[in-house]
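Commentary on secondary and tertiary structure
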Amino acid sequence: MTIIQQTVYKPFHREMTTLAHVLGAISAILILAWVLHFHGRLWLHSDNPEHIFNVHPIVMYMGFIFVMGEGIMAYKLAPLLMRVRKMVHMMFNFVALCFGIFGVYAAFKYHKESTITDMYSLHSWLGMVTICLYGLQWVFGFLCFWLPMASRYMRDRMVPWHRSMGLFLFLMAVCTAETGLVEKAALSQLGPGVESCLMNFAGLAILLFGMAVAFSVILDI
């Protein structure tokens, strides 16, 4: 990259990353406001199935999507040594994976308590595919880039695939969240009102967060 290109793109890259952080925080606030204000508390062992359900959207966004997005950006942005950046990136994504698995468990538990069939919707299909592929992506990255069990030549060849697959899975997670909001609104038969408006804003903020993270990565390649 030439000096002129660096001058043009790098400041915009920093601004886009800052925007991603802000949009991520706004999304978290909107999701929390929607769940806590309209659906009560979060409790995995509650007798009320809705309290069990409440765990799912908060954990899946704040613990999975938001942490994954921050982990993606941390690899390029953290002013640390390469080995430390790798560790930060790996740990962010490991935490996201753990929260994602926990969020899936909360959804299955809610279905069981509510006598709802599992894996019947597009949202559930996308979610399961995303979490499974994400787990494989993390294991592959750990073995190939952290231990590493691949040669330097193979690691260099695999970096673009690993980066592209990570961004692809992040955007899949964003799409899954959008379908989840639509499904919840449809099942609740929401009409025009404060709750539906809040859910729409939350969905829009999550989408913009995903786009900002994607652009921050693309601009830094």
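Residues numbered from 1 in each chain as written. Predicted model: local features only at pLDDT ≥ 70, side-chain atom pairs only at ≥ 80, totals over all residues. Heavy atoms only, no water.

1. Digging into the pattern of salt bridges
Inclusion rule: Salt bridge, as used here, is a side-chain nitrogen of Lys or Arg placed within 4 Å of a carboxyl oxygen of Asp or Glu. Secondary structure counts use DSSP, requiring at least four H or I residues in a row for a helix and at least two E residues in a row for a strand, with both numbered from the N terminus. Accessibility here uses a 1.4 Å probe with only protein chains present; expressed as a share of the type maximum, an area under 20% marks a residue as buried, one over 50% as exposed, and anything in between as partly exposed.
Overall, the coordinates contain 3 salt bridges when judged by the stated rule. Among the ionic pairs, Glu 50 bridges to Lys 184, the shortest N-O distance being 3.4 Å. Taken together, the residues Glu 50 in helix α2 (residues 49–77) and Lys 184 in helix α5 (residues 152–187) connect sequence positions 134 residues apart. The class of Glu 50 is partly exposed, set by a relative accessible area of 26%. According to the relative accessible area criterion, Lys 184 is buried, its value standing at 10%. A salt bridge links Asp 156 to Arg 152, with the nearest nitrogen and oxygen atoms 3.4 Å apart. Here the residue Asp 156 and the residue Arg 152 both occupy positions in helix α5, the gap between them amounting to 4 residues, near one helical turn. Using a relative accessible area of 45% as the deciding quantity, one classes Asp 156 as partly exposed.

2. Quick notes on the side chain of His 123
Note the following rule: Here a polar contact is taken to be a pair of N or O atoms separated by no more than 3.5 Å, where protein atoms must pair a possible hydrogen donor with a possible acceptor and residues adjacent in sequence count only if both atoms sit in side chains. Contacts are assigned to residue pairs with any non-hydrogen atoms lying within 4.5 Å of each other.
With respect to the element layout, His 123 can be found in helix α4 (residues 122–146). Accessibility expressed as a relative area gives 19% for His 123, which makes it buried. One polar contact links the side chain of His 123 to the main-chain carbonyl oxygen of Thr 176, over a distance of 2.8 Å. In this structure, His 123 is in contact with His 56, Thr 176, Thr 179, Gly 180 and Glu 183, ignoring residues within four places of it in sequence.

3. A look at the packing of aromatic side chains
In plain terms, the rule: Any Phe, Tyr or Trp ring, taking Trp's six-membered ring, that has another such ring centre within 6.5 Å forms a pair; planes under 30 degrees apart are called stacked, those over 60 apart edge-to-face, and the others tilted. In this analysis the charged atom, NZ for Lys or CZ for Arg, is taken to sit over a ring once it is within 6 Å of the ring centre and within 35 degrees of the ring normal.
This structure, assessed with the given rule, holds 10 aromatic pairs. Arranged with centres 6.3 Å apart and planes meeting at 75°, the rings of Tyr 61 and Phe 209 form a pair that is edge-to-face. A residue pair is termed long-range when its members are at least 10 positions apart, and Tyr 61 in helix α2 and Phe 209 in helix α6 (residues 194–218) qualify at 148 residues. Three or more aromatic residues joined by ring pairs make a cluster, and in this case those are Tyr 61, Phe 66, Phe 170 and Phe 209. Arg 85 extends its terminal NZ or CZ atom over the ring of Tyr 75, reaching a point 5.9 Å from the ring centre. Over the ring of Phe 53 we find Lys 184, and its NZ or CZ is 4.2 Å from the ring centre.

4. Some thoughts on the nonpolar core
Heads up, the rule is: Among buried residues, the Ala, Val, Leu, Ile, Met, Phe, Trp, Tyr and Cys ones that are joined through side-chain atoms within 4.5 Å form a nonpolar core.
Of all hydrophobic cores here, the largest spans 44 residues; its most connected members are Ile 31, Phe 64, Ile 65, Met 68 and Phe 170. Examining the composition of this core, we find that 10 residues originate from one element, α6, more than from any other. Excluding residues that lie within four positions of it along the chain, Ile 65 makes contacts with Met 60, Phe 170, Ala 173, Val 174, Ala 177 and Phe 209. Core analysis: the next-biggest nonpolar cluster, separate from the first, contains 7 residues, Phe 53, Val 55, Val 59 and Tyr 110 among them.

5. Quick word on the UniProt feature "transmembrane region" (unreviewed entry) in the protein chain
For clarity, the threshold we go by: UniProt positions are given in the numbering used here, feature names are shortened, and annotations may be inferred rather than shown by experiment.
Sites flagged by UniProt as "transmembrane region" (unreviewed entry) map to residues 20–38, 58–78, 90–108, 128–147, 167–186 and 198–219. Taken end to end, residues 90–108 has its terminal C-alpha atoms 27 Å apart, with 100% of it in helix and 0% in strand. Structurally, residues 128–147 is divided into 95% helix and 0% strand, and its ends, taken at the C-alpha atoms, are 28 Å apart.

6. A few points about the confidence of the model for the protein chain
Worth spelling out the cut-off: The predictor's confidence in any single residue is recorded as pLDDT, a number from 0 to 100.
Taken residue by residue, the protein chain gives an average pLDDT of 90. The fraction at 70 or more is 93%. Note on residues 1–9: pLDDT is under 50 here. Beyond four places in sequence and across chains, it has 5 contacts.

7. With respect to the packing of helix α3 (residues 82–114) against α4
Where we set the bar: Here the axes come from fitting lines to C-alpha atoms, over the contacting stretch only for helices, and the angles between their N-to-C directions go from 0 to 180 degrees. The cut-offs work like this: below 35 degrees is roughly parallel, past 145 is roughly antiparallel, 65 to 115 is roughly perpendicular, and the gaps in between are oblique. Two helices cross in a left-handed way if the nearer one is turned anticlockwise from the farther one by less than a right angle. They cross in a right-handed way if the turn is clockwise. Just so you know the grouping, Ala, Val, Leu, Ile, Met, Phe, Trp, Tyr, Cys and Pro go in nonpolar, Asp, Glu, Lys and Arg go in charged, and all remaining residues, Gly too, go in polar.
Where α3 contacts α4, the two axes come as close as 10 Å, and the packing angle between them is 155°. The angle between α3 and α4 falls in the class roughly antiparallel. Of the two elements, α3 crosses α4, and the hand of that crossing is left-handed. Across the interface between the two elements, Arg 83, Lys 86, Met 87, Met 90, Asn 93, Phe 94, Ala 96, Leu 97, Gly 100, Ile 101, Val 104 and Phe 108 of α3 pack against Met 128, Ile 131, Tyr 134, Gly 135, Trp 138, Phe 142, Phe 145 and Trp 146 of α4. For the contact of α3 with α4, the per-class residue count stands at 15 nonpolar, 3 polar and 2 charged.

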